[in-house]
Amino acid sequence: MIAFAAVCDAVAATPATLLKIERLAGYLRSLGRDDLNAASRFLGGDPLGASDARRLAIGGRTLLNAAHRVWAFDDESLSTAYRATGDLGEALARLFREPAAPALFAETLTPASLAAILDEIASVGGAAAGKKRAYACERILRACHTERETAYAVKILTGDLRIGLREGFVLAAIAAAFGRDAAAVRRAAMAAGDIGAVVLAAREGTLERIELRFGSPIGFMLASPMAFESSYRELDGATWIADDKYDGIRAQAHKRGTEVRLFSRTFSDIGRTFPEIVSALARQAADFILDGEIVARRDGRSLPFRYLQPRLQRNDPSAGMQDEIPAAFVAFDAIALGREFLVDRTLAERRSLLAAQLAPGGAFELAPAFALEANATPELVRELFAAARERGNEGLMLKRADAPYVPGRRGKWWLKLKRELSTLDCVVVAVESGHGKRANVLSDYTFAVRASAERDELLTIGKAYTGLTDAEIATMTEWFLEHRIGGGRRTFAVEPAIVVEIAFDIIQKSSLHPSGYALRFPRIVRLRPDKRVDEIDTLDDVERIYREMLEREGVER
DNA sequence: TTGAGGTGCACC
DNA sequence: CTTCCGC
DNA sequence: GCGGAAGGTGCACCTCAA
């Protein structure tokens, strides 16, 4: 793994993407089959391969404990190392020690041998599984003979290399390494779901043999956000199809013959979580691959996401649970119908084939589509949005009628439109340093509302880390360091004086924060230097927003 | 044997 | 999922 | 357009003490 680490360091050191790709391509070309397969997966951030349903189940805690057993460092040096680097791999690399007496049969890591250990880890289960995984972690760490090897072995285990490269660039490097067409490599990657298979095919010149297949998940087409209540000029000059934006979980349904499979966005097989959907799909005559959303439904209306949540990650739900929270698959696109793949057809064609060949029923629904002629007015968009909300959905999707299905990409073919629920003026009461590139700034803010207009007690309601520019974070860091009032090394209390406006999509009851509420997707809209702490919002305001949200949802409780 | 707590992860 | 930034 | 940073909820699975 010494060469792997050297390449990663070189990639991390250059911001130029073309140089990253070139350096990476040279390395890939130098590898034999097994190392090539493993190294590509590691670089892509998915050490087992995306189509592998197994999990490593190794997190920071397990790694830390294993490292502690191997190198016996004290807590102080660990926190110093972590504070300096903001990255577990880099921190543990600093604590790396060459053993005093070299072991007789010291193990050496190569990408392939590391992959073999990871495969063992992923296969562990049952009693003492945690101990076996921890032991395998130790074995990996002991097999590291340099600091840099240690850093990258740990980064591979945590799934985050942080060298300014992810799958997109790795695919470009694969194309460059073996002189293949970059588009062909991308296409193969979305069909294979495993970068290791792609790199080998690229080397052998057999990329075109990797094809979309029934039963193997395909990347989901993604949408870009569109600003709410703008002039919607993005829509000019094309015809669009509007869908409701469903607040559930995105899913891909495959049917071939009697076999039905459901996949989540991360390609996990979720058929056993939603058996009523699987049986509804099985009743269809046609074979298909469909794109849609699993939504909690009642009386023809969508329920908010929180209703669906207890059903997630739960296999074989009881009849009572299925009855209490009925789930439905709402199909809004067809990737394949019958034997034919439709990714290169237009959305308009795919939608009409979908409506013509499938019959909704039970837990299977077809999403109603609304056509927008060229140059749709903002008023029409507003009406469609309001109607979608009226049906219990989160917002609106606008999709170019002539768009192909582009798996795994976020483009301008699909736009999503949603509205923040509200904003709250809060005061920052505690701050925390970030991770990675934010290790040396205070970027994570815990904020609070006032108990009431009369009582100036502050009740925390959430944390946010996004919305400020780097420059603002830098300024705030200085201020917070000068106005700290609490202990703690990574997290500490600060004078409650910085007022921030926080936007959010959902408010919910929660035991996490003393206010009794928590926010979904909190983000800092702006600093409010014009506001004093006694002018921020109160718990009454929070409760009012919560009640209004429930009323608007039109769902009891 | 049970249940609380730790840990990891998958959804948004 | 979200937002922003820097390349 | 990509990569990096990181909130909140709730389930599965394992560990360990009673």
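Residues numbered from 1 in each chain as written. Chains lettered and ligands numbered in written order. Predicted model: local features only at pLDDT ≥ 70, side-chain atom pairs only at ≥ 80, totals over all residues. Heavy atoms only, no water.

For the rest of this paragraph, the subject is the sheet that holds strand 2 (residues 240–245). On the basis of which strands lie adjacent, the open sheet formed by five strands has the order 1-12-11-2-10 and mixed pairing. At either margin of the open sheet sits one strand with a lone partner, and together these are strand 1 (222–225) and strand 10 (370–372). Taking each pair of neighbouring strands and ignoring which way they run, the sheet shows an average axis angle of 40°. Where strand 1 lies against strand 12 (residues 410–417), four bridges are found, and the strand directions are parallel. (Pairing = 2+ DSSP bridges. Helix = DSSP H or I, 4+ residues; strand = E, 2+ residues; numbered from the N terminus. Axes fitted to C-alpha atoms, helices over the stretch in contact; angles between N-to-C directions.)

In the neighbourhood of DNA strand C, the contacting residues comprise Pro15, Arg265, Lys416, Lys418, Tyr465, Thr466, Gly467, Thr469, Asp470, Phe521 and Arg523. Expressed as a percentage, the sugar and phosphate content of the atoms of DNA strand C within 4 Å of the protein is 82%. Note that a phosphate oxygen of DNA strand C is positioned 2.8 Å from one of the side-chain N or O atoms of lysine 416. Tyrosine 465 is positioned such that a nitrogen or oxygen atom in its side chain is 3.5 Å from a base oxygen of DNA strand C. The class makeup of the residues in the surface near DNA strand C is three nonpolar, three polar and five charged. (Near = heavy atom within 4 Å. Polar contact = N/O pair within 3.5 Å; in protein donor to acceptor, adjacent residues only side chain to side chain. Nonpolar A, V, L, I, M, F, W, Y, C, P; charged D, E, K, R; others polar.)

On to the protein's contact with DNA strand D. Around DNA strand D, the structure places 38 residues, and the nearest of them are Arg166, Gly434, His435, Asp444 and Tyr465. Restricting attention to atoms of DNA strand D within 4 Å of the protein, one finds that 89% of them are sugar or phosphate atoms. Within the contact set of DNA strand D, a phosphate oxygen lies 3.1 Å away from a backbone nitrogen or oxygen of glycine 130. Between DNA strand D and the protein, one listed contact pairs a phosphate oxygen with a backbone N or O atom of lysine 463 at 3.2 Å. Contributing elements (two or more residues each) for the surface near DNA strand D: helix 8 (129–142), helix 10 (167–178), strand 15 (458–464) and strand 19 (517–520). For the surface near DNA strand D, a count of residues per class yields 13 nonpolar, 15 polar and ten charged.

Inspection of every chain in the model, using the stated rule, returns twelve aromatic pairs. Ring geometry for phenylalanine 4 versus phenylalanine 42: centroids 6.1 Å apart, planes at 85°, classification edge-to-face. Linking phenylalanine 4 in helix 1 (residues 2–13) with phenylalanine 42 in helix 3 (residues 33–44), this pair joins segments that are 38 residues apart in sequence. Neither residue differs from the other here; phenylalanine 4 and phenylalanine 42 are each classed as buried. Between tyrosine 517 and tyrosine 546, the ring centres sit 5.3 Å apart and the planes meet at 65°, which makes this aromatic pair edge-to-face. With tyrosine 517 in strand 19 and tyrosine 546 in helix 19 (residues 539–553), the pair connects residues that are 29 residues apart, well separated along the chain. In this structure, tyrosine 517 and tyrosine 546 share a single accessibility class: buried. Aromatic ring contacts, followed pair by pair, group Phe4, Tyr27, Phe42 and Tyr152 into a single cluster. It is lysine 399 that lies over the ring of tryptophan 414; its NZ or CZ is 4.0 Å from the centre. Residue placement shows arginine 484 over the ring face of phenylalanine 492; its charged tip is 3.8 Å from the ring centre. (Phe/Tyr/Trp six-rings, centres within 6.5 Å; stacked < 30°, edge-to-face > 60°. Buried < 20%, exposed > 50% of the residue type's maximum accessible area, 1.4 Å probe, protein only. Lys NZ or Arg CZ within 6 Å of the ring centre and 35° of its normal.)

This part is about the nonpolar core. Judged by nonpolar contacts, the single largest core of 98 residues is most densely connected at Phe4, Leu28, Leu43, Leu92, Leu118, Ile140 and Ile174. The dominant element in this core, judged by the number of residues it contributes, is helix 10, at seven residues. Apart from the residues lying within four places of it in its own chain, the contact partners of leucine 43 are Phe4, Cys8, Leu24, Leu28, Leu161, Leu165 and Val170. (Core = buried A, V, L, I, M, F, W, Y, C linked by side-chain atoms within 4.5 Å. Contact = heavy atoms within 4.5 Å.)

With domains assigned, chain A is organised as domain 1 (2–158), domain 2 (224–417) and domain 3 (423–553). Put simply, the middle of domain 1 and the middle of domain 3, counted by C-alpha atoms, are 36 Å apart. Across the boundary between the two partners, domain 1 contributes seven residues, which contact six residues of domain 3. Roughly 530 Å² of surface becomes buried between domain 1 and domain 3 when both sides are summed, with 43% attributable to carbon and sulfur atoms. When the buried surface of domain 1 facing domain 3 is broken down by residue, Tyr82, Arg83 and Gly86 rank first, second and third, together holding 73% of it. Counting across the domain 1 and domain 3 interface gives zero salt bridges. Each residue belonging to the side of domain 1 that touches domain 3 can be placed in one class, and the counts come to two nonpolar, three polar and two charged. (Domains from an automatic or database assignment. Buried area = accessible area lost by both parts, 1.4 Å probe. Salt bridge = Lys/Arg side-chain N within 4 Å of Asp/Glu carboxyl O.)

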